[in-house]
Each structure stands twice: as C-alpha cells, then as structure tokens.
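Reading the structure
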Amino acid sequence: MKNITRAAVATVAACTLLTAAPTASLASAPATASAGGHQGLQATLDQAVTTAGLPGAMAEVRNDGATWFGQAGTADLNTGRPLRPQDRFRIGSTTKTFVATALLQLEAEHRLSLDDSVEQWLPGLVDGNGYDGSLITLRQLLNHTSGVANFAVADQVSKDFQGLPFLQHRFDGFTPRQLVRLGTSVKPDFAPGTGWRYSDTNYVLAGLVIEQATGHSLAQEITDRFVKPLHLKSTYEPTGDDTGIHGPHGRFYSKLGPMDAPTLPEYDVTELNPSWGYGSGDLISTTGDLSTFFQALLAGRLLPPAQAAEMFTMQDPGNAWIPQSHYGLGVASLTLSCGQVWGMGGAINGSWSYTFGTRDGRHLLSTEVNGDWADGAQWGPISVFTRELEAEFCGNTGA
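Before going into details, it helps to say that this report is about the structure given with it. These numbers come from a predicted model, not from an experiment. (Residues numbered from 1 in each chain as written. Predicted model: local features only at pLDDT ≥ 70, side-chain atom pairs only at ≥ 80, totals over all residues. Heavy atoms only, no water.)

**Digging into unusual backbone geometry**
So the rule is basically this: Per the convention used, a helix needs a DSSP run of H or I reaching at least four residues, while a strand needs a run of E reaching at least two, with both numbered from the N terminus. Each residue is placed in one exposure class: buried if its accessible area under a 1.4 Å probe, protein chains only, is under 20% of its type's maximum, exposed if it is over 50%, and partly exposed if it falls in between.
In the Ramachandran plot, Asp64 falls in the positive-phi region, its phi being about 50° despite a non-glycine side chain. Relative to the helices and strands, Asp64 resides in the loop between β1 (56-63) and β2 (66-73). Positive phi, normally seen in glycine, also occurs at His110, with a value near 60°. As for its position among the elements, His110 is in the loop between α4 (95-108) and α5 (118-121). Judged by relative accessible area, which is 74%, His110 ranks as exposed.

**Topic: the pattern of salt bridges**
Two side chains with opposite charge may pair up if their charged atoms get near one another. Selection rule: Just to be clear on terms, a salt bridge is a Lys or Arg side-chain nitrogen sitting within 4 Å of an Asp or Glu carboxyl oxygen.
Taken as a whole and judged by the stated rule, the model has 14 salt bridges. Of the charged contacts in the structure, one is a salt bridge between Arg111 and Glu109, with a shortest N-O distance of 3.2 Å. Under the relative-accessibility criterion, Glu109 is labelled partly exposed at 36%. As a salt-bridge pair, Arg139 and Asp115 come within 2.5 Å of each other at their nearest N and O atoms. One end of the pair, Arg139, is in helix α6 (residues 138-142); the other, Asp115, is in the loop between α4 and α5, with 24 residues separating them in the sequence. We classify Asp115 as exposed; its relative accessible area is 53%.

**Looking at the packing of aromatic side chains**
This is how it is decided: Put simply, two rings from Phe, Tyr or Trp (the six-membered ring, in Trp's case) pair if the centres are within 6.5 Å, and we call them stacked under 30 degrees between planes, edge-to-face over 60, tilted for the rest.
Tallying each qualifying case throughout the model produces 11 aromatic pairs. Aromatic pair Trp196 and Tyr198: ring centres 6.4 Å apart, planes at 45°, arrangement tilted. Classification of Tyr198 as buried rests on a relative accessible area of 4%. When the centroid spacing of 5.5 Å and the interplanar angle of 80° are considered together, the rings of Phe226 and Phe293 count as edge-to-face. Of this pair, Phe226 sits in helix α11 (residues 218-230) while Phe293 is found in helix α12 (residues 287-298), placing the two residues 67 residues apart along the sequence.

**As for α11**
Convention followed: In this analysis, the expected span of each helix is defined as 1.5 Å times one less than the number of residues it contains. The bend reported for a residue corresponds to the angle between axes fitted to the seven residues ending at that residue and the seven starting there.
When the terminal C-alpha atoms of α11 are compared, their 17 Å separation across 13 residues agrees well with the 18 Å that a helix rising 1.5 Å per residue should span. Largest kink in α11: about 35°, centred on Asp224. Among all positions in α11, only Leu218, Ala219, Glu221, Ile222, Arg225, Phe226, Val227 and Leu230 are buried. Once α11 ends, the next one or two residues include His231, with phi positive near 55°.

**Digging into the pairing of strand β12 (residues 351-357)**
Condition: Note on pairing: DSSP must find at least two bridges between two strands before they are called paired.
β12 sits mainly inside the fold: seven of its seven residues count as buried. Of the two faces of β12, the one lined by Ser351, Ser353, Thr355 and Gly357 and the one lined by Trp352, Tyr354 and Phe356 are each fully buried. Direction of pairing for strand β11 (residues 339-348) relative to β12: antiparallel, over a ladder of seven bridges. Looking at β12, one finds that Ala347 is bridged to Trp352. Here β11 hands over to β12 after two residues, with Gly350 in that stretch at a positive phi of 90°. Bridging between β12 and strand β13 (residues 363-369) involves six bridges; their strand directions are antiparallel. Counted as the bridge partner of Gly357 is Leu364 from β13. Connecting the antiparallel pair β12 and β13 is a turn made up of five residues, with Gly361 showing a positive phi of about 75°.

**Topic: the nonpolar core**
What counts here: To qualify as a nonpolar core, a set must consist of buried Ala, Val, Leu, Ile, Met, Phe, Trp, Tyr and Cys residues joined through side-chain atoms within 4.5 Å. Contacts: residue pairs with any heavy atoms within 4.5 Å of one another.
Phe98, Leu103, Leu138, Phe293, Leu297 and Met311 are the most contacted members of the largest nonpolar core, which has 110 residues in total. Per-element tally for this core: the top contributor is helix α10 (residues 200-214), with eight residues. Non-local contacts of Met311, meaning those with residues more than four positions away in its chain, are made with Thr97, Ala100, Thr101, Leu104, Leu297, Leu303, Gly328, Leu329 and Val331.

Keep in mind these numbers describe shape, not what the thing actually does.
Written out as structure tokens, the structure reads:
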C-alpha cells in the first residue's frame, strides 16, 4: 500500500502483507514449535528493527492458554519508550474480517442471503460505466470476485495520496458512497464471478449493506456483535472525522514511498482521517484484542457451522494475489514450511499488522510494526511477518 494507496491499498497492501511463505510441504496444521520458549520469534522481532530498519515491532502469542508478549525497538522515536501490550494501532484490512463475520451472522439470522444482489440492498449505487449491481452478489463482494475496481486506483486517490501530497491530504474526509463512486469511476476489472482481484470497494459496499439491513451504523454493529460480547476493550471504529487514536498508543511512521526505500526520510503519520477505510480498513485495536477475536472465530464461536464453512471455503487467487496464499470470505490462509495458518493481515500508513493461527484457534500470533517499510537485502517489506510465523509455528529461524 502506498499512502491512501498505502492506505487504501491497505487492501492490496494489507494483503500485500499476506506474504508468500517459503515453498512448503503442506501439513494439516503447523507443529507447536515454541513450547520451550519464543527465542526464535524474539530474535525475529529484534531483526525487524536492527536489519529491516523498522522503528519497533511487537507480538503476542497465545498457545493452549498461555500468553507471551515480546517487543523490540521503540513505540516513539522521540522518547524511546518500548512498545507495550496495551498499545493500540490501526489494523488496516483486518477490518474486513470483522465486516465479513457480521454479514455472515446476518445471513445466519435470515436477514439477508449472500446470494442477494448489491442492487437489492443498495439500489442504483453500483450502476453505469460498465457496472450492473443486479449482477453482483454479496458473496462476490466478500470473496473479491465482484469485478468492482478498487477506489485506491482512482485518479483522485493516486494524485492526492501518493508520495508527499499525502501530507497535505491526510485529513481529507470521505463518505462511504463517495468511495464507491471513486471505485466505479474506474471500469470493472472483469464481469462478476469471472475473475479475482482484491478491492477495498467491495468491503465499503459490504459495510453499507450491513447498515441497510440492520438500520444501525457499521460501528454500532461491530460494537454490539464483537466488542461487547468478547470484551474487546481496545477495539473501535473511528466515527466522523476522528483523526487520532484514543487510549494508549505510540507513534506511527511512513517514508511515503516504495516499501523498500531505505534512504527516504521518515514522517510521523499517527494522525490521519481513516474515513477512506470505512468497512475495508479503519478499525483500531491491540494485539490482545485481535487474538481474542480470531480465537473465537477460528474456534467456531462466532458463526454457525454453515456460515463458518462459507467463510473458510478458500480459493487460490493465482497470480492475482500472493503465492502460497488462499482467500475465503474476509480471511486468508498462508502456507508455511510446516503447514497452514489462518487469519488476516492489514496495512495502513505507518502500521502493518498480522494475526494468524491454527485452524482450531488454540495457537495464535498477533503482531504489529509501527513503520510501513522494510530495508535490507534479505528483508523485503513482507519478510518480517513471514519470518515471525515461521519462527513461531515451525521453529524455522532462517526463513
């Protein structure tokens, strides 16, 4: 993701976060490699700072009831304070998992069907310029087969949010319908159901459908369905033009350029207007809250079996996405050298995060870095998280 494109492509970036793991022999589930400690994971966090050049990195592991937290570097380049478990951050495209789960719950409540058309719920919103909302289903929004273009590639977004112009426009506000209009100003990527492409616009539309079906704001539905029942004390969706992060948090930094550009200066981008991320990437949370949410989801406590089966019906996007990765409805799976893990990753200006675990939810890793670049000959922007997952789940510290 690069600026809103780093931000809004908190889609693609979020998903560019869903990195290619090393070529693996696939096992049904990763072994628990960290029973004797987390030295390999801690070493990887240290390398994220010393080798990849990130300001700070932190991770929380939950494994059969035990919790471990590790960190390296700093939460604030001015004060040098360490990262802490209670630190909140923007989770980017991991927001999509919350939205997909809410929509699937509504299906389980017989308030909508994933086979409903977008036109049925949002009349006239997706129409013209090659679009016909009556041909696009809610399922196609969630699994990125709708063909609706990503608003992050619209001309206005590219002009105002890439590189240094981001600093002038980072407080600009958008309504969800404006975001949809930006997306549909770009011709469709393909006819509905005939291809696959990651698009933030899909989840903006999904969020609007949730509001239409319930009569409540998306923020209220996320609060009522997940935050309150799971006691996610640090998770919330910003409303209006809320540009800050409430509660304990560090600072977040961007180089406003390619994610592997070590010579560019760093900018503090902690404050920004996340309204462009509505439904697709605007939530704020912590490693602990994300672990709690994904534990409940993976263990089958948030969805009935029929809807869980829909969510975790994974497809291979092929060259349209990330090698060794598959995508379901708001969730992804990654193939490691010892098996598969399930979860989601997110990226936004100044923050990358990842939460993945075993399919039963008993072993999870939730991690975040407060910079949106990575340096070093062997450290691409995705390598940090791949190495963490390999160290924690496979005991492989040389990934």
